[in-house]
Amino acid sequence: MTTFKDRFRNEWDCKITMETAMRLNRWDFSQVYDRPVNLYAPDEQLLKDLTLNAGLLIALVYAICKPTIDERYKDVADVSTDGSPSPRELQFLRGIDGEAIENARTAIFEALADFFPTKRTAILDALNRPRQAEKEMETLMKNRDTELTAIMKQKSEAYVEKMMKQLHETDVETLLENDGKLS
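Let us look at the structure shown here. (Residues numbered from 1 in each chain as written. Predicted model: local features only at pLDDT ≥ 70, side-chain atom pairs only at ≥ 80, totals over all residues. Heavy atoms only, no water.)

With that out of the way, let us pick up the overall build of the chain. The secondary structure content of the chain amounts to 7 helices and 2 strands. Long-range contacts, defined as pairs at least 24 residues apart, comprise 54% of the intrachain contacts of the chain with a sequence gap of at least 6. For the chain, the accessible surface area stands at approximately 12300 Å², while carbon and sulfur atoms represent 53% of it. (Helix = DSSP H or I, 4+ residues; strand = E, 2+ residues; numbered from the N terminus. Contact = heavy atoms within 4.5 Å. Areas by Shrake-Rupley, 256 points an atom, 1.4 Å probe, with all protein chains shown as cover.)

Written as C-alpha cells, this is what we have:
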C-alpha cells in the first residue's frame with residue numbers, strides 16, 4: 001500500500017508517477033542528502049539510505065506529497081524568509097512521529113516497487129534487510145543475555161559452594177578471632 005497515516009490520522013499517498021519522478025529529480029535534497037536523488041533509476045545506495053536516514057525519507061515523502069500538502073494546508077503560508085521550514089512544511093511535519101516514519105518508509109518502498117514492477121522483489125528486499133538484521137541482532141543479544149546469566153549463576157554457585165566449604169573447614173575459635181571473616 002502506498003499510503004500511510006500521520007499521528008493526526010491524515011492519510012498521505014506516496015504513489016509515484018512519471019510526473020512525480022520528474023519533479024523529485026529536480027528537488028533539492030542537499031540539506032538531508034549528499035547525493036542526487038534519481039527516481040528514474042534508484043540505485044542500491046538510495047534504497048539503503050531510505051531505510052537508515054529518516055531525514056531523507058521524510059524529505060522524499062514531503063516532496064512526493066507536496067501537491068496534496070499545498071491543497072490540504074492552502075491557508076498556511078508556504079514561505080520562509082530565514083531558510084527554516086515554512087509554516088506549511090512544519091504543519092506537515094507535526095504529524096510525523098516514529099510510527100508515521102515507519103509507515104511512510106513502507107509506503108515509499110511499496111510506491112517504488114509499484115513504479116518499477118520488474119524490480120519489486122529487489123526493492124522490497126532492500127526494505128526488509130535492515131529489519132531482518134535488527135531481528136537477528138535482537139536474537140543474538142537475547143542469546144548472549146541467556147549465556148551471561150548462566151555463566152553468572154554458575155560462578156555465583158561455585159563461589160557460594162567454596163565459601164560453604166571454607167566455613168565447614170574453619171573451626172569456631174578461628175572465626176571468632178577473625179570477627180567472623182573467612183580467610
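This brings us to helix α1 (residues 18–25). Of all the residues in α1, the buried ones are Thr20, Ala21, Arg23 and Leu24. Down the axis of α1, the buried set is contained in an arc of 165°. They therefore lie on one face. Buried residues in α1 make contact with α3 (54–72) and α5 (98–115). (Buried < 20%, exposed > 50% of the residue type's maximum accessible area, 1.4 Å probe, protein only. Arc of directions from axis to C-beta.)

Let us look at the packing of α1 against α3. Packing of α1 against α3 leaves a shortest axis separation of 10 Å and a crossing angle of 125°. Classified by the interaxial angle, the pair formed by α1 and α3 is oblique. The two elements α1 and α3 cross, and the hand of that crossing is right-handed. Residues Thr20, Arg23 and Leu24 of α1 form the contact with α3, whose own contacting residues are Leu60, Ala63, Ile64, Lys66 and Pro67. Along the lines of polarity and charge, the residues of the contact of α1 with α3 split into 5 nonpolar, 1 polar and 2 charged. (Axes fitted to C-alpha atoms, helices over the stretch in contact; angles between N-to-C directions. Parallel < 35°, antiparallel > 145°, perpendicular 65-115°, else oblique. Left-handed = near helix turned anticlockwise from the far one by under 90°. Nonpolar A, V, L, I, M, F, W, Y, C, P; charged D, E, K, R; others polar.)

Together, Met18, Met22 and Tyr40 give the surface a local cluster of nonpolar side chains, amounting to about 300 Å² of exposed area. Of note, Met18 is situated in helix α1. Classification of Met18 by relative accessible area gives exposed; the value is 51%. (Patch = residues over 30% accessible without salt bridge, like charges linked within 9 Å, V, L, I, M, F, W, Y side chains within 5 Å. Salt bridge = Lys/Arg side-chain N within 4 Å of Asp/Glu carboxyl O.)

Checked against the element boundaries, Ala54 lands in helix α3. Looking at Ala54, the relative accessible area reads 32%, which means it is partly exposed. Separated by 48 residues in sequence, Ala54 and Glu102 have C-alpha atoms that sit 9.0 Å apart. Filtering out sequence-adjacent residues up to four positions away, Ala54 remains in contact with Ile101 and Arg105.

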